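Summary of structural features
For reference, the chains in residue letters:
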Amino acid sequence: MSKIAIIGATGRAGSQLLEEALRRGHSVTAIARETSKIGQRAGVVSKNVDALDAEALQAAVAGHDVVISAAHFTTLPASAVIGPVKRAGVKRLLVVGGAGSLLLPDGTRVIDSKGFPEEYKTEASAGAQFLENLRQEKDLDWTFLSPSAEFVEGERTGSFRIGKDDLLVSSEGRSWITFADYAIAMIDEVEAPKHSRQRFTVGY
């Protein structure tokens, strides 16, 4: 079993990653500014940390096998994560990615498509930049898992498809994944790495 540190463990994606990791018997350090809503849980150590405090984050992730960053890109850029993780001596960094940098059938990015919602552009652009920073990274064993276009609450089905850089679209024409099923794909990658130094995606 792995020792997993989750940055942003109280968010919608982070909380499902926490549940999935615990379901499989891993030990988890939940990192967030305010972790009180997690409560006392077997297998969980909660740490109140401002992830932009590099020294505090480094101390919080030290001694883990894997760090998963589930924070928003606009609040926590790549430099704020990569440096502390490396200095802490953790070799693997998995990142809850965005769909904006995925590719459409014509080879253009989702974020550059005509109908892309303006209100998501700042976060999506920051996510695309985070991925580019990871691709320049020489030391960390990183993985960036992009969800589908719709990243939503919903049931844990365990039935989904895995892709690489292209947006996955269902036979009904919808691109979507629940947080719970996304968490399965991410913890699968923790347990059996198949996308070292790569981005991949998950959808129905």
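The protein chain appears in an unreviewed UniProt entry as NAD(P)-dependent oxidoreductase from Pseudomonas hormoni.

On to the environment of Gly-97, then. Note that Gly-97 resides in the loop between strand S5 (92-96) and helix H4 (121-135). Sequence separation between Gly-97 and Ala-128 is 31 residues, and the spatial gap between their C-alpha atoms is 8.5 Å. Look past the residues within four positions of Gly-97 in its chain and what remains in contact with it is Phe-73, Phe-144, Leu-145, Ser-146, Pro-147 and Tyr-182.

Let us look at the environment of Thr-178. Mapped onto the fold, Thr-178 is located in strand S9 (residues 176-178). Here the alpha-carbon distance between Thr-178 and Pro-147, two residues 31 residues apart in the chain, equals 8.7 Å. Those residues in contact with Thr-178, other than ones at most four positions away along the chain, are Phe-151, Val-152, Glu-153, Gly-154, Glu-155 and Tyr-204. Among the polar contacts made by the side chain of Thr-178, one reaches the main-chain carbonyl oxygen of Glu-155 at a distance of 3.0 Å.

The tally for this structure, following the rule as stated, stands at 5 aromatic pairs. Ring geometry for Phe-73 against Phe-144: centres 6.0 Å apart, planes inclined by 15 degrees, an arrangement best described as stacked. Taken together, the positions of Phe-73 in the loop between strand S4 (66-69) and helix H3 (78-87) and Phe-144 in strand S6 (residues 141-146) put the pair 71 residues apart, joining distant regions of the chain. Note on Phe-151 and Phe-179: the rings are 4.3 Å apart at their centroids and 40 degrees apart in plane angle, and the pair reads as tilted. With Phe-151 in strand S7 (residues 150-152) and Phe-179 in helix H5 (residues 179-191), this pair connects stretches of sequence that are 28 residues apart. Judged by relative accessible area, which is 5%, Phe-179 ranks as buried. Linked through ring pairs, Phe-73, Phe-130 and Phe-144 together constitute an aromatic cluster. The ring of Trp-176 is capped by Arg-174, whose NZ or CZ atom sits 3.9 Å from the centre of that ring.

Procedures and definitions
Residues numbered from 1 in each chain as written. Predicted model: local features only at pLDDT ≥ 70, side-chain atom pairs only at ≥ 80, totals over all residues. Heavy atoms only, no water. Helix = DSSP H or I, 4+ residues; strand = E, 2+ residues; numbered from the N terminus. Contact = heavy atoms within 4.5 Å. Polar contact = N/O pair within 3.5 Å; in protein donor to acceptor, adjacent residues only side chain to side chain. Phe/Tyr/Trp six-rings, centres within 6.5 Å; stacked < 30°, edge-to-face > 60°. Buried < 20%, exposed > 50% of the residue type's maximum accessible area, 1.4 Å probe, protein only. Lys NZ or Arg CZ within 6 Å of the ring centre and 35° of its normal.

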